[in-house]
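Inside the fold
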Amino acid sequence: MKQIFALLSGLVFGLGLIVSGMADPAKVLNFLDVFGTWDPSLAFVMGGAIAVTAPGFALLTRSRSRPFFDSRFRIPTRTDLDPRLLTGAVLFGIGWGLGGFCPGPALTALPIATTGALIFVPFMLGGMWLARHTPDLSLPIRKGAPQ
């Protein structure tokens, strides 16, 4: 049942991206082109998503002790900025700015085989694999600990 609702959530998210036009990388690139053909529609889409999600999330976490399909809510508790987070944010921003895609819209554009998505998605997957398999150099290595 959990996987069915995950699939339905992904489909609704993808449909929202298509309806809002955010699966088109030109929309994103025009949003980033502040001194050229600036298009503020991405900000309105993000604002609308936050306006709907924030109250719903607050209501759900207050009215339920746990989510429908998990044992507990998994809300981040860390408040610090570590080098891995900052590096990931920079790489995400560079990829977003160069390609015009976030992971969600890239996967949404993949079935229509746009050239940008066909190039972006393999590099995105490679970056995800690399991030999982790169050792964390910010943690000290303890003597005798497995590596």
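Going by the structure above, here's the rest.
The model shown is predicted, which means the values in this text are computed figures rather than measured ones. (Residues numbered from 1 in each chain as written. Predicted model: local features only at pLDDT ≥ 70, side-chain atom pairs only at ≥ 80, totals over all residues. Heavy atoms only, no water.)

Quick notes on the overall build of the chain
Secondary structure summary: the chain contains six helices and zero strands in total. Reading the chain from its N terminus to its C terminus gives the helix and strand order α-α-α-α-α-α. Whereas a compact globule of 147 residues would reach a radius of gyration of roughly 15 Å, the chain reaches 19 Å, over 25% beyond that. Dimensions along the principal axes, computed over C-alpha positions, put the chain at roughly 55 × 40 × 30 Å. With 147 residues in all, the chain has 16% of them scored as buried. Contacts in the chain between residues at least 24 apart in sequence constitute 38% of all its contacts with a sequence separation of at least 6. Counting 12 positive and 7 negative side-chain charges, the chain places the centres of these two groups 16 Å from one another. (Helix = DSSP H or I, 4+ residues; strand = E, 2+ residues; numbered from the N terminus. Rg over C-alpha atoms; globule rule 2.2 N^0.38 Å. Buried < 20%, exposed > 50% of the residue type's maximum accessible area, 1.4 Å probe, protein only. Contact = heavy atoms within 4.5 Å. Lys, Arg positive; Asp, Glu negative; His and termini not counted. Charge placed at Lys NZ, Arg CZ, Asp CG, Glu CD.)

Observations concerning the layout of surface pockets
Its volume calculated, the second largest pocket comes out at about 310 Å³. If you trace the second largest pocket, you find 14 residues lining it, with Phe13, Leu17, Met22, Val45 and Ala49 closest to the centre. Contributing elements (two or more residues each) for the lining of the second largest pocket: helix H1 (2-20) and helix H3 (41-63). Tallying contributions element by element places H1 first for the lining of the second largest pocket, with five residues. (1 Å grid on protein atoms, 1.4 Å probe; cavity = no way out; pocket = protein on both sides within 12 Å on 5 of 7 lines; lining within 4 Å. Points joined across faces, edges and corners; volume = space filled by probe spheres on them.)

Considerations on a nonpolar patch on the surface
A cluster of nonpolar side chains, Met1, Ile4, Phe5, Leu7, Leu8, Leu11, Leu60, Phe68 and Phe69, forms an exposed patch at the surface whose accessible area comes to about 890 Å². Top contributing element to the nonpolar patch by residue count: H1, with five residues. Note that Met1 resides in the segment before H1. On the basis of relative accessible area, Met1 is assigned to the exposed category, the value being 60%. (Patch = residues over 30% accessible without salt bridge, like charges linked within 9 Å, V, L, I, M, F, W, Y side chains within 5 Å. Areas by Shrake-Rupley, 256 points an atom, 1.4 Å probe, with all protein chains shown as cover. Salt bridge = Lys/Arg side-chain N within 4 Å of Asp/Glu carboxyl O.)

Brief notes about the pattern of salt bridges
Within this structure, the stated rule accounts for four salt bridges. The partner of Asp70 in a salt bridge is Arg74, and the shortest N-O contact between them spans 2.8 Å. Taking the relative accessible area as the measure of exposure, Asp70 reaches 22% and is therefore partly exposed. Taking relative accessible area as the criterion, Arg74 reaches 54% and is therefore assigned exposed. Between Asp80 and Arg78 there is a salt bridge, with the nearest N and O atoms lying 2.9 Å from each other. Each of Arg78, Asp80 and Asp82 takes part in a single network of salt bridges with overlapping partners.

Considering the packing of helix H2 (residues 25-32) against helix H4 (residues 83-99)
For the pair H2 and H4, the least separation of the axes is 8 Å and the interaxial angle reads 110 degrees. Compared by their axis directions, H2 and H4 come out roughly perpendicular. The residues of H4 that touch H2, namely those facing Pro25, Val28, Leu29, Phe31 and Leu32, are Trp96, Gly97 and Gly99. (Axes fitted to C-alpha atoms, helices over the stretch in contact; angles between N-to-C directions. Parallel < 35°, antiparallel > 145°, perpendicular 65-115°, else oblique.)

Notes on the packing of aromatic side chains
Per the stated rule, a full pass over the model turns up two aromatic pairs. Sitting over the ring of Phe68, Arg64 keeps its end group 4.0 Å from the ring centre. (Phe/Tyr/Trp six-rings, centres within 6.5 Å; stacked < 30°, edge-to-face > 60°. Lys NZ or Arg CZ within 6 Å of the ring centre and 35° of its normal.)

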